[in-house]
Amino acid sequence: MRTLGLIFVGIFLLATLAVRQVFRKDEDREVLKEETVEVAELEPQPERNGETKTPPEIPEIIKKIEPEYETGGIAPPYFVKASKGDSTDRVYITWDNVDNAERYYVYRSESPDGNYKEIGKTAQTDFIDETAETNIKYYYRVKAWSGISGFSNFSSTDRGNSSKTKLLKIYDIDYESENLDEGEIKWYYFDTIKGMWYTISWDDADSYKKTGAYNGDIVVSAFRRDRSTPYFLNREYPAGFTAPAAEEVYLKVEGDPGAAGHAGSHSISVEERERENYFFLSAWDEYGQFNFPAGIAADTNGAYVYITDTINHRVQKFDRFGNFILSWGSEGSGKGQFRHPAGIVVSPGVTGKYIYVIDTYNSRVQKFEEDGTFVKSWGGEGHENGQFLHPRGIAIDSNWDIYVADSGNNRIQKFDHIGNFITSWGIEGTGNGQFDSPVGITVDSKGFVYVADTGNHRIQKFGR
């Protein structure tokens, strides 16, 4: 029996080997067949007209790996946002930074699926479209670019527009026919729209006073529909305000006490427009870090921003996108050194600008060129003209005259641009023209000086 079993096992093994050999031959035939076909396809094939057909090129065995993005190996910008009515003459576009991007290209169209045309390029992550026309809705896309990978795909699309302005002339008031005498009152009203800014304006009576044709003026007030809650009172000049939606605004027009006789023909206009807001662009502390920064100033064309980094006793300069340019200063009392710098201002003009810095605990003003080169300083601790006691604020007017909030001496001092004393005003107190530690100060285009009277919790305005 054992012998018979061994015979059967041997027969089974021989059969298995034979089957395997048959299948191996079949596989070899298939491989040979495929190789023969491939070679045959690459051999020149005679055409019917006797010409020889060139074989196709053999494709590369190793191909370059396709990039993740079809136009290059760089991602498109994400989170593209365009401002909507936040400015009267421009649109702000922002997006997230793309790794390895060297430049961004901004495109615009008047329809979401329209023809997008390039309107500018920048190395930053924001762009200002200054060619946007009022009342037109635009659609914006952005591409990233690098020298190695080329262009990315388009970003997603976002709509943007500058704010619209619509002038509605509501009333033409003829004072002569209405017989508006001194103290006489007339009422008018109009309906408001949500989110609009309204400016009420009327003829400037000063021109009539100069010619002698009109000896008085009018005053205008605006009230809610109850005619007792005011938006503004007794204005002699154009006045603006924001009113709730679908509410009637009542205008009270009154002949000014002192008006002599009738006024002639004048008009009141109501201008409505979307109120101008400010669109957040960016915040920064990545390149230059701060320790209680106190003062900030921009140059006339908005190219550079200067910041007093108070506890670090230095000034830092950035471009308008927040890129660090340079810094200067250290703790001390020497030239170009500071002890808690505070206020800072840039002289007006496109060229030849200077930076003026309040060096608070050295009680002086320091003047620098745009690159931080020291020019001069003036002041010193004291109470005399041209001396300071821990000054904080500084401003400059169109004539380059310098105004300093001399906080510890409770006064304002005025100098020319090279530091020569001109005048001063103010003492400690709570009356008009008196101060309690004034800090902030600025000058408008007409030469009016505004002072933040800090300890008295008020703002004071001064003329020349």
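As a reminder, the structure under discussion sits directly above these lines.
Residues numbered from 1 in each chain as written. Predicted model: local features only at pLDDT ≥ 70, side-chain atom pairs only at ≥ 80, totals over all residues. Heavy atoms only, no water.

Trainee: In this structure, what is going on with the overall build of the protein chain? I would like to understand it.
Mentor: When you go through the protein chain residue by residue, the secondary structure sums to 3 helices and 33 strands. Buried residues in the protein chain amount to 38% of all 464 residues. Considering only residue pairs separated by 6 or more positions, the protein chain has 53% of its internal contacts joining residues 24 or more positions apart. Here the protein chain has roughly 27,200 Å² of accessible surface; of this, 50% comes from carbon and sulfur atoms. (Helix = DSSP H or I, 4+ residues; strand = E, 2+ residues; numbered from the N terminus. Buried < 20%, exposed > 50% of the residue type's maximum accessible area, 1.4 Å probe, protein only. Contact = heavy atoms within 4.5 Å. Areas by Shrake-Rupley, 256 points an atom, 1.4 Å probe, with all protein chains shown as cover.)

Trainee: Is there a simple way to think about the side chain of Lys367 in this case?
Mentor: Relative to the helices and strands, Lys367 is located in strand β25 (residues 364-369). Buried charge without a partner: Lys367 forms no salt bridge, and the closest opposite charge is Asp416, 7.9 Å away. At 3.3 Å, the side chain of Lys367 forms a polar contact with the backbone oxygen of His417. Discounting residues that sit within four places of it in the chain, Lys367 has contacts with Tyr354, Ile355, Tyr356, Thr373, Phe374, Val375, Lys376, His417 and Ile418. (Lys, Arg positive; Asp, Glu negative; His and termini not counted. Salt bridge = Lys/Arg side-chain N within 4 Å of Asp/Glu carboxyl O. Polar contact = N/O pair within 3.5 Å; in protein donor to acceptor, adjacent residues only side chain to side chain.)

Trainee: What should I look at first to understand the sheet that holds strand β24 (residues 354-359) in this one?
Mentor: Pairing within the open sheet is antiparallel, and its 4 strands lie in the order β23-β24-β25-β26. In the strand order of this sheet, the two ends are held by β23 (341-346) and β26 (374-379), each with one partner. Along the sheet, successive strands turn relative to each other by an average axial angle of 20°, direction set aside. Relative to β25, β24 runs antiparallel, the two being bridged by 6 bridges. (Pairing = 2+ DSSP bridges. Axes fitted to C-alpha atoms, helices over the stretch in contact; angles between N-to-C directions.)

Trainee: Is there a simple way to think about the pairing of strand β27 (residues 393-396) in this case?
Mentor: Looking down a regular strand, the side chains alternate between one sheet face and the other. Both faces of β27 are covered, namely the face carrying Gly393 and Ala395 and the face carrying Ile394 and Ile396. The pairing of β27 with strand β28 (residues 402-406) spans 4 bridges and is classified as antiparallel. Among the inter-strand pairings, Ile394 is bridged to a residue of β28, identified as Val404. The hairpin turn running from β27 into β28, its antiparallel successor, is 5 residues long, and Trp400 in that turn takes a positive phi close to 70°.

Trainee: Is there a simple way to think about the packing of aromatic side chains in this case?
Mentor: By convention here, two paired aromatic rings are described through the distance between centres and the angle between planes. Enumeration over the complete set of coordinates arrives at 17 aromatic pairs. Both rings, one in Tyr356 and one in Trp378, keep their centres 6.4 Å apart while their planes meet at 65°; by these two values the pair is edge-to-face. Of this pair, Tyr356 sits in strand β24 while Trp378 is found in strand β26, placing the two residues 22 residues apart along the sequence. When sorted by exposure, Tyr356 lands in the same class as Trp378, which is buried. On the basis of an interplanar angle of 75° and a centroid distance of 5.9 Å, the ring pair of Phe415 and Phe421 is categorised as edge-to-face. Here a set of aromatic residues connected by ring pairs shows up, and it is made of Tyr356, Trp378, Phe388, Phe415 and Phe421. A cation sits over an aromatic face here: Arg108 above Tyr138, 4.3 Å from the ring centre. Above the face of the Phe154 ring, Arg141 is positioned so that its terminal group lies 5.4 Å from the ring centre. (Phe/Tyr/Trp six-rings, centres within 6.5 Å; stacked < 30°, edge-to-face > 60°. Lys NZ or Arg CZ within 6 Å of the ring centre and 35° of its normal.)

Trainee: Honestly, the nonpolar core in this entry has me stumped. Any pointers?
Mentor: A general trend in soluble globular proteins is that nonpolar side chains are found buried together. Core analysis: the largest hydrophobic core is formed by 15 residues, its most contacted members being Val91, Ile93, Trp95, Tyr104, Val106, Tyr140 and Val142. Listed by contribution, the elements that provide at least two residues to this core are β4 (91-94), β5 (103-109) and β8 (138-146). Here this core gets 4 residues from one element, more than from any other, and that element is β8. Residues Tyr198, Ile200, Val220 and Leu251 belong to the second largest nonpolar core, which totals 13 residues. (Core = buried A, V, L, I, M, F, W, Y, C linked by side-chain atoms within 4.5 Å.)

Trainee: Quick question: what am I supposed to make of the pattern of salt bridges here?
Mentor: Proximity of charged atoms lets side chains of opposite charge pair with each other. Per the stated rule, a full pass over the model turns up 7 salt bridges. Here Arg364 makes a salt bridge to Asp359, at a shortest N to O gap of 2.7 Å. As far as the burial class goes, Arg364 and Asp359 line up, both buried.

Trainee: Quick question: what am I supposed to make of the sheet that holds strand β19 (residues 293-298) here?
Mentor: Strands pair in a sheet through their backbones, by hydrogen bonds, and they do so in one of two ways: parallel or antiparallel. Strands sit in the order β19-β20-β21-β22 across an open sheet of 4 strands; the sheet is antiparallel. At either margin of the open sheet sits one strand with a lone partner, and together these are β19 and β22 (324-328). Each neighbouring strand pair of the sheet contributes to a mean axis angle of 20°, computed without reference to strand direction. Pairing between strand β21 (residues 314-319) and β22: 4 bridges, direction antiparallel. Its bridge partner being in β22, Lys317 is matched across the sheet by Leu326.

Trainee: Whenever I open this one, the pairing of β28 confuses me. Can you help?
Mentor: Most of β28 sits out of view: 5 of its 5 residues are buried. Looking at chain direction, β28 and strand β29 (residues 411-415) are connected through 5 bridges and run antiparallel. Bridging from a neighbouring strand, Tyr403 pairs with Lys414 of β29. From the end of β28 to the start of β29, which pair antiparallel, there are 4 residues, and Asn410 there has a positive phi angle of about 55°.

Trainee: How do you make sense of the environment of Lys446 when you look at a structure like this?
Mentor: The topology assignment puts Lys446 in the loop between β31 (438-443) and β32 (449-453). A relative accessible area of 68% means that Lys446 is categorised as exposed. C-alpha separation for the pair Lys446 and Gly463, spaced 17 residues apart in sequence, amounts to 9.1 Å.

Trainee: Would you explain the side chain of Lys143 in this entry?
Mentor: With respect to the helices and strands, Lys143 occurs in strand β8. Within the buried core, Lys143 has no salt-bridge partner, and the shortest N-O distance to an opposite charge, that of Glu118, equals 8.6 Å. Other than its neighbours up to four places away in sequence, Lys143 contacts Pro77, Arg103, Tyr104, Tyr105, Tyr107, Phe151, Ser152, Asn153 and Phe154.

Trainee: How should unusual backbone geometry be read in this particular structure?
Mentor: Residue Trp400 is not a glycine yet carries a positive backbone phi of 70°. Relative to the elements of secondary structure, Trp400 occurs in the loop between β27 and β28. For His457, which is not a glycine, the phi torsion comes out positive at approximately 55°. Tracing the chain through its elements places His457 in the loop between β32 and β33 (458-462). Among the residues examined, His457 registers a relative accessible area of 72% and is labelled exposed.

Distances and angles like these do not, on their own, reveal function.
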